[in-house]
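Single-letter residue listing:
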Amino acid sequence: MKVVVTRPRDQAGPLVRRLEELGHEVVECPLIEIEPLGEPVSLEGYEWVIVTSPNGARELVAHASGPLPQVAAVGPGTAEMLRELGVEPAFVPSVSSQDGLVAEFPRPQGRILFAAAEGARRRPVEELGADFVPLYRTRLVRPSEPPVGDVVVLASGSAATSFAAIGADIPAVSIGPQTSETARAEGLRVVAEAKTHDLEGLVAAVRSLASS
């Protein structure tokens, strides 16, 4: 298949390589850019800090002021990035979404900091009484021409929103339920969803789709 990869160019390499190893032709079409805010993140007085993406994990570890408290990761991809950075997550929900995290979060939870993208959905703030700090902002990127492919891989809700704005009629493989929900709300056709919400899950979903 011809697979459109929408991740930022500096983060797309591992996914591109895995798809090419499976024999697919890859079209790189970055649809989002990550702009770190670079501000120190004060963790004093918090029992927990929640991160919801690999980008958030990187920025948290890079800019944490003081020792990290217990860290909760929204899913396996975020947990994997934390481990690569030398941080073992204390909690990863079985359902990889903000809703799953809130439902399964250990209680009593103490004081919580929710560290995510600027403008992120703030369910933990509403349901867990967490404080919020932005770590980075996501900018949508418009390609000069719409990509052509058999399937597009979407690794975030932002990528789904950006892809929908292009108007290309290509079915999508989603990294997880929140991305699928956003994609469908934007009018995209989600034909496969990763069972594990990380790189391996995306690759497996594409492999399964190609063999169906």
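Figured I'd write up the structure that's included with this text. This one's a predicted model, so the numbers in the text were calculated from it and none came from an experiment. (Residues numbered from 1 in each chain as written. Predicted model: local features only at pLDDT ≥ 70, side-chain atom pairs only at ≥ 80, totals over all residues. Heavy atoms only, no water.)

1. Overview of the overall build of the protein
Phase 1: Per the secondary structure count, the protein includes eight helices and twelve strands.
Phase 2: Against the 2.2 N^0.38 benchmark of 17 Å for 212 residues, the protein shows a C-alpha radius of gyration of 17 Å, consistent with a compact globule.
Phase 3: With the principal axes as the frame, the protein shows a C-alpha extent of 50 × 30 × 30 Å.
Phase 4: Sequence-distant contacts, at least 24 apart, represent 47% of the contacts inside the protein between residues at least 6 apart. (Helix = DSSP H or I, 4+ residues; strand = E, 2+ residues; numbered from the N terminus. Rg over C-alpha atoms; globule rule 2.2 N^0.38 Å. Contact = heavy atoms within 4.5 Å.)

2. Observations concerning the side chain of Q109
Phase 1: Its location among the elements puts Q109 in the loop between α4 (98–104) and β8 (112–117).
Phase 2: At a separation of 3.4 Å, a polar atom in the side chain of Q109 contacts the main-chain carbonyl oxygen of L128.
Phase 3: Once residues lying within four places of it in the same chain are set aside, the contact partners of Q109 are E47, W48 and L128. (Polar contact = N/O pair within 3.5 Å; in protein donor to acceptor, adjacent residues only side chain to side chain.)

3. Some details on helix α1 (residues 13–21)
One turn of the α-helix equals 3.6 residues, which is why residues spaced by three or four share an orientation.
Phase 1: Residues L15, V16 and L19 constitute the buried set of α1. Projected down its long axis, α1 carries its buried residues within an arc of 100°, all on one side.
Phase 2: Buried residues along α1 sit in contact with β1 (2–5), β2 (25–28), β10 (151–154) and α8 (199–211).
Phase 3: Positioned one or two residues after α1, G23 has a phi angle of 95°, which is positive. (Buried < 20%, exposed > 50% of the residue type's maximum accessible area, 1.4 Å probe, protein only. Arc of directions from axis to C-beta.)

4. Thoughts on the packing of aromatic side chains
Phase 1: Overall, the coordinates contain three aromatic pairs when judged by the stated rule.
Phase 2: Note on F114 and F132: the rings are 5.8 Å apart at their centroids and 50° apart in plane angle, and the pair reads as tilted. Here F114, found in strand β8, pairs with F132, found in strand β9 (residues 131–140); they are 18 residues apart in sequence, far enough to count as distant.
Phase 3: Counting every residue linked through ring pairs, the aromatic cluster contains W48, F91 and F105.
Phase 4: If you follow R111 out to its NZ or CZ, it ends over the ring of Y46, 4.1 Å from the centre.
Phase 5: If you follow R122 out to its NZ or CZ, it ends over the ring of F132, 3.7 Å from the centre. (Phe/Tyr/Trp six-rings, centres within 6.5 Å; stacked < 30°, edge-to-face > 60°. Lys NZ or Arg CZ within 6 Å of the ring centre and 35° of its normal.)

5. Some remarks on the packing of helix α2 (residues 54–63) against helix α3 (residues 76–84)
Phase 1: Look at α2 against α3: their axes get within 8 Å of each other, and the N-to-C directions meet at 30°. By the criterion of interaxial angle, the relationship of α2 to α3 is roughly parallel. The two elements α2 and α3 cross, and the hand of that crossing is right-handed. Contact with α2, carried on its side by P54, A57, R58 and V61, involves G77, T78, M81 and L82 of α3 and no other residues of that element.
Phase 2: Of the residues assigned to the contact of α2 with α3, the class counts are five nonpolar, two polar and one charged. (Axes fitted to C-alpha atoms, helices over the stretch in contact; angles between N-to-C directions. Parallel < 35°, antiparallel > 145°, perpendicular 65-115°, else oblique. Left-handed = near helix turned anticlockwise from the far one by under 90°. Nonpolar A, V, L, I, M, F, W, Y, C, P; charged D, E, K, R; others polar.)

6. Looking at the pairing of β10
Phase 1: Burial along β10 is two-sided: V151 and V153 facing one way and V152 and L154 facing the other are all buried.
Phase 2: Pairing of β1 with β10, which is carried by three bridges, proceeds in the parallel orientation. Bridging from a neighbouring strand, V4 pairs with V152 of β10.
Phase 3: As paired elements, β10 and strand β11 (residues 172–174) share three bridges and run parallel to each other. (Pairing = 2+ DSSP bridges.)

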